[in-house]
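In case you want the letters, here they are:
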2 protein chains.
Amino acid sequence: MNSSRPVTIKDIARRFRCSPSTVSRALNDHPAINEDTRKNIQEYAREVGYQRNEVSLSLLNKKTATLGVVVPTIGNYYETAVIEGLHTILQPLGYTLNICVTNENYLLEKEYLSKLLSNRTEGIFLSVSQETYDAGYYEHLESVIQRKTPLIFIDREYEDFETSRATVDDYHGAFAAVEHLLTIGYKNIAHLKGPNGLTVSEQRFKGYRDCLKKYDIPIKEELIINTNFKVESAIVPTKRLLDLDSPPDAIFGVNDQVAIGAMRVILDRGLKIPGDVGIIGFDNSPISAYTYPSLTTVHRPGRKIGMEASRLFLNQLNGSGDFVHENIVLPTELIIRESSLRIS
Amino acid sequence: MNSSRPVTIKDIARRFRCSPSTVSRALNDHPAINEDTRKNIQEYAREVGYQRNEVSLSLLNKKTATLGVVVPTIGNYYETAVIEGLHTILQPLGYTLNICVTNENYLLEKEYLSKLLSNRTEGIFLSVSQETYDAGYYEHLESVIQRKTPLIFIDREYEDFETSRATVDDYHGAFAAVEHLLTIGYKNIAHLKGPNGLTVSEQRFKGYRDCLKKYDIPIKEELIINTNFKVESAIVPTKRLLDLDSPPDAIFGVNDQVAIGAMRVILDRGLKIPGDVGIIGFDNSPISAYTYPSLTTVHRPGRKIGMEASRLFLNQLNGSGDFVHENIVLPTELIIRESSLRIS
DNA sequence: AAAATTTTTTCAAACGTTTGCATTCGATAT
DNA sequence: ATATCGAATGCAAACGTTTGAAAAAATTTT
């Protein structure tokens with residue numbers, strides 16, 4: 001059986017009765033190589049499908065041109081937008097992105113980070129998993145820091161750690177959303193909150209809370225119900241909201257998915273959107289413009305976050321020794337559509 | 001400035017005035033190492049944060065434990081489901097997935113494949129880009145074949161190439177969808193088609209066409225309009241359909257996104273779904289159950305595809321020399337919801 | 001034709017790890 | 001006291017490539 005071991009420089013050298021160095025130089029168009037030798041070797045290499053073993057080069061140069069992207073999930077529009085942004089900047093520079101999905105699992109996250117370091121990844125973009133965040137774990141990050149591998153946080157904050165960070169201004173996005181509802185005449189605004197503990201959830205919740213405070217509206221516990229970001233998780237909570245003695249006249253969902261789930265329940269009850277209940281989401285996912293009614297939402301610039309995060313990485317890389325830690329916070333944008341339109 | 005070069009086995013050896021071999025054996029719990037030596041070395045290694053350089057091991061063992069996943073996009077639910085499936089099987093086996101997004105671009109696909117080979121990736125899962133497919137390119141695959149790197153096609157067929165393949169039975173899925181519409185009483189069924197040339201588009205179109213044929217219904221050119229899988233791309237085509245002299249009483253969308261876009265246009269015209277127009281999509285994306293009205297669709301088992309593809313890869317890997325090429329086609333499932341419910 | 005110069009090629013080391021085989025060092029048996 | 005044995009450690013090669021310095025070969029100059 002033909003073992004089909006990849007052709008190496010040594011193989012080519014044997015074939016031409018020359019040294020590996022000559023072959024290497026010929027393949028790399030080194031000037032100190034005879035024109036004929038070069039041509040012959042290059043031609044032969046192409047013929048036999050020689051492909052340089054990057055693994056050996058990585059070992060030699062201590063450069064792998066690989067970056068890790070560690071995220072809790074890739075199911076949602078936002079994450080893929082971030083990855084696209086990273087890709088846009090980093091792919092042309094020759095970097096390969098190694099995308100690792102932790103499923104919100106601490107152990108998996110830890111394993112991935114360790115693996116990325118072992119593989120001599122040159123930088124890591126990390127959105128910590130919920131489990132990690134909840135438990136306040138951070139030891140697995142120590143080794144990344146210790147190794148001085150550039151570490152960029154995307155999206156989720158991690159207070160105790162000083163690294164660069166690119167996040168969206170969830171707080172003001174939420175604030176603007178609720179303020180919009182208030183100024184348009186809604187008075188009793190509920191919030192379908194994200195999982196406790198996550199920065200994204202908490203920031204948006206804070207925006208909701210502080211906006212109500214600003215307008216001297218009491219915060220009612222029964223109007224704040226948790227979800228897990230998924231459509232399904234909005235169903236029961238929304239029903240509970242509608243069954244209240246004084247049901248909300250508007251709902252602010254922690255993301256578009258949840259808002260869409262809520263809309264469904266409301267329409268099923270024969271209520272009108274935005275007539276009876278106003279709805280607002282978060283993310284500005286592509287579908288949000290085409291639901292019925294279309295969904296007012298807060299645009300979250302995922303692609304830009306990816307591009308900014310890339311920039312932060314490159315800064316660290318070219319930075320002089322000690323990293324300059326930057327903290328980029330991108331603004332959101334309120335996108336007003338049908339689900340919140342009501343003449344005040 | 002502290003250069004913070006990663007600690008190597010040699011560093012540790014120097015510290016203990018012993019040879020690298022001893023350190024290596026100590027770290028790997030080799031039996032022929034003195035208990036004290038072992039303990040001391042292991043402790044010290046932990047202290048200084050030693051992490052074994054997998055790059056050097058990869059070179060030595062010619063094993064990288066890395067697999068490439070080359071897909072045109074990761075924006076949609078289906079692709080992420082496939083990746084999740086791959087992940088489910090392969091992550092526990094120690095494989096790292098290197099996800100590469102080609103954006104339907106041939107050159108990028110070619111570059112990625114070449115890079116993956118150079119990096120000595122042990123297997124490649126490929127869903128060819130539209131450009132590649134359109135142009136019928138295949139040379140970039142030759143080197144993969146030549147190297148005998150296991151290559152598994154996911155989702156998109158590539159006739160001339162014999163490799164293993166895991167796809168969904170789009171044809172029969174589409175057929176069932178249209179048949180459902182017909183048996184429920186719809187007569188004038190339009191199709192919002194996917195981009196020309198893509199297997200997915202063409203197979204679903206064929207299913208549509210053949211089903212109509214089976215029921216002796218003439219195929220009308222004006223009822224078949226192209227889209228690009230995205231919500232927005234359904235808007236204008238749907239308007240055109242509704243403006244026809246004899247507008248369709250049902251629309252079969254090539255995917256859920258397109259179907260949702262169509263629904264939006266129809267509802268905007270004051271028409272009832274499913275009363276005036278029945279709608280059916282494809283994919284069974286999470287959102288499809290919660291649109292208003294909920295969307296009848298064809299379930300596409302992305303996760304299963306990923307798992308099957310993994311199985312095919314493992315078979316090739318353990319297979320004896322010459323690969324056994326398998327061709328897995330998974331069935332779809334019709335999910336009947338509101339958008340097609342009409343008493344016949 | 002020898003010396004000087006230029007062109008072309010080879011040598012050897014390095015990257016970090018593992019591993020078969022050889023070596024060293026005590027200790028035990030003769 | 002010496003041979004024998006076992007345990008512990010070291011040596012050296014290997015993986016594939018690059019690269020500065022040295023060597024060899026070819027060319028030009030004297």
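Residues numbered from 1 in each chain as written. Chains lettered and ligands numbered in written order. Predicted model: local features only at pLDDT ≥ 70, side-chain atom pairs only at ≥ 80, totals over all residues. Heavy atoms only, no water.

### Describing the protein's contact with DNA strand D
Inference 1: Surveying the vicinity of DNA strand D reveals 25 residues, the closest of which are A:I9, A:S24, A:R25, A:Y50 and B:T22.
Inference 2: Counting only the atoms of DNA strand D that lie within 4 Å of the protein, the sugar and phosphate share comes to 61%.
Inference 3: At a separation of 2.6 Å, a phosphate oxygen of DNA strand D approaches a polar side-chain atom of B:T22.
Inference 4: Listed by contribution, the elements that provide at least two residues to the surface near DNA strand D are α1 (9-16), α2 (20-27) and α4 (54-61) of chain A together with α2 (20-27) and α4 (54-61) of chain B.
Inference 5: Tallied by class, the residues present in the surface near DNA strand D amount to 8 nonpolar, 11 polar and 6 charged. (Near = heavy atom within 4 Å. Polar contact = N/O pair within 3.5 Å; in protein donor to acceptor, adjacent residues only side chain to side chain. Helix = DSSP H or I, 4+ residues; strand = E, 2+ residues; numbered from the N terminus. Nonpolar A, V, L, I, M, F, W, Y, C, P; charged D, E, K, R; others polar.)

### Overview of the pattern of salt bridges
Inference 1: Across all of its chains, the model carries 31 salt bridges over all chains by this definition.
Inference 2: We note a salt bridge from A:E84 to A:R303, for which the minimum N-O separation is 3.0 Å. In this pair, A:E84 sits in helix α5 (residues 77-90) while A:R303 sits in helix α13 (residues 302-318), placing the two residues 219 residues apart along the sequence.
Inference 3: Residue classification places A:E84 among the partly exposed residues on the basis of a relative accessible area of 38%.
Inference 4: On the accessibility criterion, A:R303 (36% relative accessible area) is partly exposed.
Inference 5: Where B:D155 meets B:R300, a salt bridge forms, and the shortest distance between an N and an O atom there is 3.3 Å. Of this pair, B:D155 sits in the loop between β4 (151-154) and β5 (164-168) while B:R300 is found in the loop between β10 (297-299) and α13 (302-318), placing the two residues 145 residues apart along the sequence.
Inference 6: When its relative accessible area of 9% is taken as the criterion, B:D155 is described as buried.
Inference 7: The class for B:R300 is buried, based on a relative accessible area of 8%. (Salt bridge = Lys/Arg side-chain N within 4 Å of Asp/Glu carboxyl O. Buried < 20%, exposed > 50% of the residue type's maximum accessible area, 1.4 Å probe, protein only.)

### A short note on the sheet that holds strand β6 (residues 189-193) of chain A
Residue and element names in this part refer to chain A.
Inference 1: Across the sheet, which stays open at both edges, the 4 strands sit in the order β7-β6-β8-β9 with parallel pairing between neighbours. Where the open sheet ends on each side, the last strands, each with one partner, are β7 (224-226) and β9 (278-280). On average, each strand axis in the sheet is tilted by 15° relative to the strand beside it, whichever way the strands run.
Inference 2: In the sheet, β6 pairs with β7 via 3 bridges, with the strands oriented parallel. If you follow H191 over to β7, its bridge partner there is I224.
Inference 3: Contacts between helix α10 (residues 199-214) and the sheet are confined to β6, β7 and β8 (250-253), with β6 contributing the most and set at about 175° to the helix. (Pairing = 2+ DSSP bridges. Axes fitted to C-alpha atoms, helices over the stretch in contact; angles between N-to-C directions. Contact = heavy atoms within 4.5 Å.)

### What about the packing of aromatic side chains?
Residue and element names in this part refer to chain A.
Inference 1: Across all of its chains, the model carries 14 aromatic pairs over all chains by this definition.
Inference 2: Centroid distance F16 to Y44: 5.6 Å. Interplanar angle 85°. Geometry classified as edge-to-face. Here F16, found in helix α1, pairs with Y44, found in helix α3 (residues 35-47); they are 28 residues apart in sequence, far enough to count as distant.
Inference 3: Between the NZ or CZ atom of K193 and the centre of the ring of F205, over which it lies, the distance is 5.7 Å. (Phe/Tyr/Trp six-rings, centres within 6.5 Å; stacked < 30°, edge-to-face > 60°. Lys NZ or Arg CZ within 6 Å of the ring centre and 35° of its normal.)

### Section: the side chain of A:N255
Residues and elements named next belong to chain A.
Inference 1: Assignment of secondary structure puts N255 in the loop between β8 and α12 (256-268).
Inference 2: A relative accessible area of 6% means that N255 is categorised as buried.
Inference 3: Engagement of the side chain of N255 in a polar contact is seen with the backbone nitrogen of Q257, the distance being 3.4 Å.
Inference 4: Excluding its chain neighbours within four sequence positions, the residues that come into contact with N255 are R204, F229, G281, F282 and D283.

### A word on the protein's contact with DNA strand C
Inference 1: Of all residues adjacent to DNA strand C, which total 26 residues, the nearest are A:T22, B:I9, B:S24, B:R25 and B:Y50.
Inference 2: Counting only the atoms of DNA strand C that lie within 4 Å of the protein, the sugar and phosphate share comes to 60%.
Inference 3: With respect to DNA strand C, the side chain of B:R25 contributes an N or O atom lying 2.6 Å from a base oxygen.
Inference 4: Of all the elements in the fold, those that place two or more residues in the surface near DNA strand C are α2 and α4 of chain A together with α1 (9-16), α2 and α4 of chain B.
Inference 5: Classifying every residue of the surface near DNA strand C by side-chain character gives 9 nonpolar, 11 polar and 6 charged.

### Quick look at the domain arrangement of chain A
Inference 1: We note that the domain assignment places domain 1 (9-52), domain 2 (64-169 + 302-330) and domain 3 (170-300 + 334-340) within chain A.
Inference 2: Taken over C-alpha atoms, the centre of domain 1 of chain A sits 65 Å from the centre of domain 3 of chain A. (Domains from an automatic or database assignment.)

### Considerations on the environment of A:S201
Residue and element names in this part refer to chain A.
Inference 1: Counting through the fold element by element, S201 comes out in helix α10.
Inference 2: Each C-alpha atom, one on S201 and one on I217, is 21 Å from the other, the two residues being 16 residues apart in sequence.
Inference 3: Excluding anything up to four places from it in sequence, S201 contacts G194, P195 and F229.

### A few points about the UniProt feature "domain: HTH lacI-type" (unreviewed entry) in chain A
Inference 1: When the UniProt feature table is mapped onto this chain, "domain: HTH lacI-type" (unreviewed entry) is found at residues 7-61 of chain A.
Inference 2: End C-alpha atoms of residues 7-61 of chain A are separated by 21 Å, and the span's content is 67% helix alongside 0% strand. (UniProt positions renumbered as here; feature names shortened; annotations may be inferred.)

### Re the environment of B:Y292
Inference 1: Structurally, B:Y292 is set in the loop between β9 (278-280) and β10.
Inference 2: Spatially, the C-alpha atom of B:Y292 lies 8.5 Å from that of B:E338, the residues being 46 residues apart in sequence.
Inference 3: Discounting residues that sit within four places of it in the chain, B:Y292 has contacts with A:R264, A:L267, A:D268, A:Y292 and B:L267.

### Some words on the side chain of A:E179
Residues and elements named next belong to chain A.
Inference 1: The residue E179 is located in helix α9 (residues 170-183) in this model.
Inference 2: Among the polar contacts made by the side chain of E179, one reaches the side chain of Y215 at a distance of 2.5 Å.
Inference 3: Filtering out sequence-adjacent residues up to four positions away, E179 remains in contact with C211, K214 and Y215.

### A look at the sheet that holds strand β11 (residues 327-330) of chain B
Residues and elements named next belong to chain B.
Inference 1: On the basis of which strands lie adjacent, the open sheet formed by 6 strands has the order β2-β1-β3-β4-β5-β11 and parallel pairing. Of all strands in the sheet, those bounded by a partner on one side alone are β2 (96-101) and β11. When strand polarity is set aside, the average angle formed by the axes of neighbouring strands in this sheet is 15°.
Inference 2: As defined by bridge partners, β5 adjoins β11 across 4 bridges and the pair is classed as parallel. Bridge pairing in β11 links V168 to L330.
Inference 3: Across the sheet, helix α5 (residues 77-90) lies against β1 (66-71), β2, β3 (123-126), β4 and β5, angled at about 160° from β2, the strand it touches most.
Inference 4: Together, β1, β3, β4, β5 and β11 form the strand contacts of α13, whose direction differs from that of β5 by roughly 170°.

### With respect to the relation of the copies chain B and chain A
Inference 1: Taken as rigid bodies, chain B and chain A are interconverted by a rotation of 180° and an axial shift of 0.0 Å, the fit giving an RMSD of 0.1 Å. What we have between these two chains is a two-fold relation. It is B:N98 whose C-alpha, among those of chain B, lies nearest the rotation axis, at 2.6 Å. (Least-squares fit on C-alpha atoms with pLDDT ≥ 70 in both.)

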